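A look at the structure
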Amino acid sequence: MKILTGNDLATGDVIWWSGAAWSRHVEDAADVADQGEAIARAEEGARRVTGAYVIDATQTPDGPRPAHIKDRIRALGPTVRPDLTLKPADPAAGSWVI
Amino acid sequence: MYKYDEYDQSIVDARVEEFRDQVQRRLAGQLTEDQFKPLRLMNGLYLQLHAYMLRVAVPYGTLNGRQMRLLAHIARTYDRGYGHFTTRQNIQYNWIKLADAPDILAELAKAEMHAIQTSGNCIRNISSDQFAGAAADEVTDPRPWAELLRQWSTFHPEFTYLPRKFKIAVIAADEDRAAMRLHDIGLQITRRDGILGARVFVGGGMGRTPMIAPEIRDFVPADQLLSYLEAALRVYNRYGRRDNIYKARIKILVHEIGADRYRDEVELEFAQVLTLGIDPPAAELARISAMFAPPAFDAVPSVPHELAAHDPDFAIWRTQNVSAHKQPGYAIVTVSLKPIGGIPGDASADQINVMADLAERYSHDELRVTHAQNIVLPHVREADLYAVWQALADAGLAEANLDLISDIIACPGLDYCSLANARSIPLAQKIATRFAPRQQDLGELKLKISGCINACGHHHAGHIGILGVDRKGTENYQLLLGGSGAEDVSLGKITGPGFDEDGIVDAIERVADRYVAERSEGERFLDTYRRIGMQPFKEAIYG
Amino acid sequence: MADLAGDTDNLLRFRDDEVHDEPAMTLDSFVADPGNASAVRLEAGDDARALLPFIDRLMLVEVSFPSFRDGRGYSSARILREAGYTGELRAAGDVLVDQVSPMRRCGFDSFAPEQPIDQSVLRRSLDRYDDVYQKAADGRVPVWQRRHG
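Every residue gets a number counted from 1 within its own chain, in the order that chain's sequence is written. Chains carry letters and ligands carry numbers; both start at the beginning, A for chains and 1 for ligands, and go up in the order they are written. Given that the model is predicted, a residue must reach a pLDDT of at least 70 before its local features are reported, and side-chain atom pairs must reach 80 or more before they are shown or counted; all residues, however, enter totals for whole chains, interfaces and linings.

**Structural notes on the overall build of chain B**
What counts, and what does not: Runs of H or I in DSSP of at least four residues are treated as helices and runs of E of at least two as strands, each being numbered from the N terminus. Note that the radius of gyration is over C-alpha atoms, with the globule rule given as 2.2 Å times the number of residues to the power 0.38. The exposure label follows from counting other C-beta atoms within 10 Å of a residue's C-beta, where the C-beta atoms are placed from the backbone and the thresholds are 20 or more for buried and 12 or fewer for exposed, leaving partly exposed in between. A pair of residues counts as a contact when their C-beta atoms, built from backbone coordinates, are separated by no more than 7 Å.
Helix and strand counts for chain B stand at 18 helices and 20 strands. Its C-alpha atoms give chain B a radius of gyration of 23 Å, within 12% of the compact-globule value 24 Å for 543 residues. By its C-alpha atoms, chain B is 60 × 60 × 55 Å across when sized along the principal axes. Relative to its full complement of 543 residues, chain B shows a buried share of 58%. Restricting to contacts in chain B with at least 6 residues of sequence separation, those with at least 24 account for 67%.

**Side note on the interface of chain B and chain A**
This is how the line gets drawn: Three residue categories are used. Nonpolar comprises Ala, Val, Leu, Ile, Met, Phe, Trp, Tyr, Cys and Pro, charged comprises Asp, Glu, Lys and Arg, and polar comprises the others, including Gly.
On the chain A side, the residues contacting the 21 residues of chain B number 20 residues. Looking at the side of chain B that touches chain A, its residues break down into 13 nonpolar, three polar and five charged.

**Examining the interface of chain B and chain C**
Each side of the interface is counted separately: chain B has 33 residues, and chain C has 27 residues. Listing elements by their share of the side of chain B that touches chain C, those giving two or more residues are helix H1 (6-27), helix H2 (33-41), helix H5 (143-153), helix H6 (225-239) and helix H9 (282-291) of chain B. Examining the composition of the side of chain B that touches chain C, we find that seven residues originate from one element, H1(B), more than from any other. Of the residues assigned to the side of chain B that touches chain C, the class counts are 15 nonpolar, ten polar and eight charged.

**Quick notes on the sheet that holds strand E5 (residues 63-66) of chain A**
Residue and element names in this part refer to chain A. Here is the rule: The pairing criterion is simple: DSSP has to find at least two bridges between the two strands. Axis lines are fitted to C-alpha atoms, over the contacting stretch for helices. Their N-to-C directions set the angle, which ranges from 0 to 180 degrees.
Taken in spatial order, the five strands make up an open sheet running E3-E2-E1-E4-E5, and their pairing is antiparallel. This sheet does not close on itself; its edge strands, each paired only once, are strand E3 (22-23) and E5. Summarising the sheet, strand E1 (residues 2-7) and strand E2 (residues 14-17) pair through three bridges and their orientation is antiparallel. Looking at the pairing, Gly-6 lines up with Ile-15 of E2. Contacts from helix H2 (residues 69-76) reach E1, E2, strand E4 (50-60) and E5 within the one sheet, and its direction differs from that of E5 by about 130 degrees.

**Concerning the nonpolar core**
As a reminder of what qualifies: The nonpolar core is taken to be a set of buried Ala, Val, Leu, Ile, Met, Phe, Trp, Tyr and Cys residues joined by way of C-beta atoms within 7 Å.
In terms of nonpolar packing, the biggest core is built from 228 residues, with Leu54(B), Val170(B), Val202(B), Ala232(B), Met355(B) and Val61(C) touching the most fellow members. Top element by residues in this core is H6(B). It accounts for nine residues. For Ala232(B), the contacting residues outside a window of four places in its chain are Ile185(B), Val202(B) and Val266(B).

**Quick notes on unusual backbone geometry**
All names here are of chain B. Despite not being glycine, His-364 shows a phi value in the positive range, around 50 degrees. Turning to its location among the elements, His-364 is positioned in the loop between helix H12 (349-362) and strand E14 (367-369). Despite not being glycine, Ala-455 shows a phi value in the positive range, around 70 degrees. When you line up the elements, Ala-455 lands in the loop between strand E17 (447-450) and strand E18 (464-471). On the basis of neighbour count, Ala-455 is assigned to the buried category, with 23 C-beta atoms found within 10 Å.

**Some remarks on the domain arrangement of chain B**
All names here are of chain B. The condition is simple: For the domains described, the bounds stem from an automatic or database domain assignment.
When cut into domains, chain B gives domain 1 (6-110), domain 2 (134-289), domain 3 (305-394) and domain 4 (409-542). Computed from C-alpha coordinates alone, the two centres of domain 1 and domain 4 are separated by 33 Å. In this assembly, six residues from domain 1 lie in contact with seven residues from domain 4. Classifying every residue of the side of domain 1 that touches domain 4 by side-chain character gives one nonpolar, five polar and no charged.

**A short note on the pairing of strand E4 (residues 60-65) of chain C**
Residues and elements named next belong to chain C. The line we're drawing: When the strands point away from the viewer, a crossover counts as right-handed if the route from the first strand across the helix to the second turns clockwise.
Judged by how many residues are buried, E4 sits mostly within the fold: six of six residues are covered. Burial along E4 is two-sided: Leu-60, Glu-62 and Ser-64 facing one way and Val-61, Val-63 and Phe-65 facing the other are all buried. Taken together, the four bridges between strand E3 (residues 39-42) and E4 define a ladder with parallel strand orientation. When the sheet's bridge partners are listed, Ala-39 is paired in E4 with Leu-60. In this region the chain leaves E4, passes through helix H2 (residues 72-82) and returns to the parallel neighbour strand E5 (residues 88-93); the handedness of that crossover is right-handed.

**Some remarks on the sheet that holds strand E7 (residues 168-171) of chain B**
Residue and element names in this part refer to chain B. With mixed pairing, the five strands of this open sheet are ordered in space as E6-E7-E8-E9-E10. Edge positions in the open sheet fall to strand E6 (127-128) and strand E10 (215-221), since each of these has one partner strand only. The pairing of E7 with strand E8 (residues 185-192) spans four bridges and is classified as parallel. If you follow Val-170 over to E8, its bridge partner there is Leu-187.

**Considering the UniProt feature "domain: Nitrite/sulphite reductase 4Fe-4S" (unreviewed entry) in chain B**
All names here are of chain B. Put simply, the rule reads: UniProt positions are given in the numbering used here, feature names are shortened, and annotations may be inferred rather than shown by experiment.
In this structure's numbering, the residues bearing the UniProt feature "domain: Nitrite/sulphite reductase 4Fe-4S" (unreviewed entry) are residues 119-272 and 408-541. In residues 119-272, helix accounts for 31% and strand for 19%; the two terminal C-alpha atoms are 30 Å from one another. Secondary structure over residues 408-541 splits into 36% helix and 18% strand, and the C-alpha atoms at its two ends are 21 Å apart.

**A look at the arrangement of the chains**
With two pairs of chains in contact overall, the greatest share of contacts is found between chains B and C. The two units chain A and chain C never meet; even their closest C-alpha atoms stay 18 Å apart.

**Concerning the confidence of the model for chain B**
Selection criterion: pLDDT is a per-residue confidence score from the predictor, ranging from 0 to 100.
Mean pLDDT over chain B works out to 97, with 99% of the residues at or above the 70 mark. Quick note on the complex model: pTM equals 0.96, ipTM equals 0.97.

**What to know about H9(B)**
This is how it is decided: What the arc covers is the set of directions going from the helix axis to the C-beta atoms.
When we look at burial in H9(B), the residues that qualify are Glu284(B), Leu285(B) and Ile288(B). Here the buried residues of H9(B) occupy an arc of 95 degrees about the axis, which is enough to place them on one side. Residues of H9(B) that are exposed and angled more than 90 degrees away from the buried face: Ala282(B), Ala283(B), Ala286(B) and Ala290(B). Considering only its buried residues, H9(B) is in contact with H5 of chain B together with helix H5 (143-148) of chain C.

In structure tokens:
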């Protein structure tokens, strides 16, 4: 599947396109098929996102998993600071990245 | 230390308002990201993996307690309670909101700080010797020169859209503690016939094409230095490559046309620029120098090391992290930001405050940031060392590992950086943990890790260097041996095929074992490597 | 040659004289046959020094900025001003509002940006800094001179 990500223009937060809006959680990411570039352009124009780009991901029971480690680190947070990730209480979150 | 006058303050204040205006225009849609990016970068604001990152300048690595405390305040108020000290003697924050950036800059300006030109294709923060003003081997304090350059380079109208970034280092001792010859321009202040001036090296750097800067001029007198640099930069601005970002640094220009031709071009330009009167009068350097006059040292007796060493942990730290000061009875303390298993260069707001307190109480209100990502208290009375050590130990800042294998330079890597190909920090943590028990025996061993070919972790200059690469979507690490960023500058060589994260730690162990087996009395790892060459280490690693 | 004169719809001038509307020649054609021409266009990579023998007769030099990131034209401008050129010096092409101020410092006194420049933003930008650190081509007094007279 193809999913769309970027950063919130004002806050810098990593965000994922859910099909109708942006979410901070990769679990919410929707398959954008071949619409990613068009959505990215429109959303950048509306200044809701900056640096938007389309990535490959696989659908899993827990939601989309980005194909590249860089985007998995973006989805979770720094592997060396579990306390600052989106899942500070989940000790298994780090292995999802690697 | 340098103190702003009304002019410096007005310029920094104006910059805050200019950036506030630029941010507002971006948020209002009057600037595209493509147009805004170079503007925000010239104020140190990146978009990184998780958020915006703000890099705050610490000019030539010098700051006082008030400024240090402000850095803690910013970490706590606008970030997530910590900051990361960098190899350019700056500090960066990883979780900044765009809308907050102007307010942060306004707070910085009140303490004579800024983020001007901490990124972008312009002249970056001027770096220097972290022992400046305290080292016995310096010709003069290099920091007044660095301040002169800071002012000259700030909003230099001609050099704001250079082909690529431009880094200048200034030292004034034969011992090079600033990796001077690995900069776009390295200046070594020397004295000739009673006149101070600079030896000029141009075209060094790391990155994907590491180069050691050749000497371009053996002496430029102080009163012509800015004219000479103006000429050196103009030649680069005109002829540096703009067709390929990877070939745009001045090192490529100097390499492609040759040092001799580059020198000739600069001399032609220099002759022209000298007629323009762009160098300030000698009174300006004198004005700045007066603010760097040595603090009022007390006449105190030297404390014999043996007497102080009544605590074995203190004794180890005293031996490892304390350096000789030019003033009898005083010492230079390096505070390690490399706790075993920790994140190199990171400090919490609480730790930053502890260091600020110690500077005010024990170090004439001065701190330095080192290019090896540590903090220096430059002027501590020997009699106070034990108290300083105890306070550092309470704050988790007393690791006794300066220049040992666990004193690792590491870039933020793939945990934070959008350019990285591999993580650097977890590797640094594993290496430090594995080798800490034998690091005293291994002696001086500078290990440097970069998470991509841009070499922010100085891997080319490590006695042992590690370069993280992306091999088909997985992290892979190459090993380099034999680099140095010091006065015996050299570039490391790759041992051979790369390793995974555990494999490279094992490979380093085999390198360390071979060094211990081969070393002569008193020989550092680097000395042994230079004596016996790569082959024995290759055999040890790959069998 | 009209297309070489750049887009002058957005022309912004900091001079009192009349606009010199002679079409600008390329550097190559000018050097090959200067004739009576007094307007030349420099591409970003052209050597401004080639014009130094002619600076007394030139009335317009247009310096091209193919991208706002290409800073070579700033040096071209300074070279011309440092050699005594007093005619119109025009920055043409991808020139952004935040760049006008440093360009003024390098000696440009005329701008032909591809995109119109917001006048209120420009006014704020030009009035922003009361002080400058360097002596450049615009005659502004650097801070060190204020400090030491």
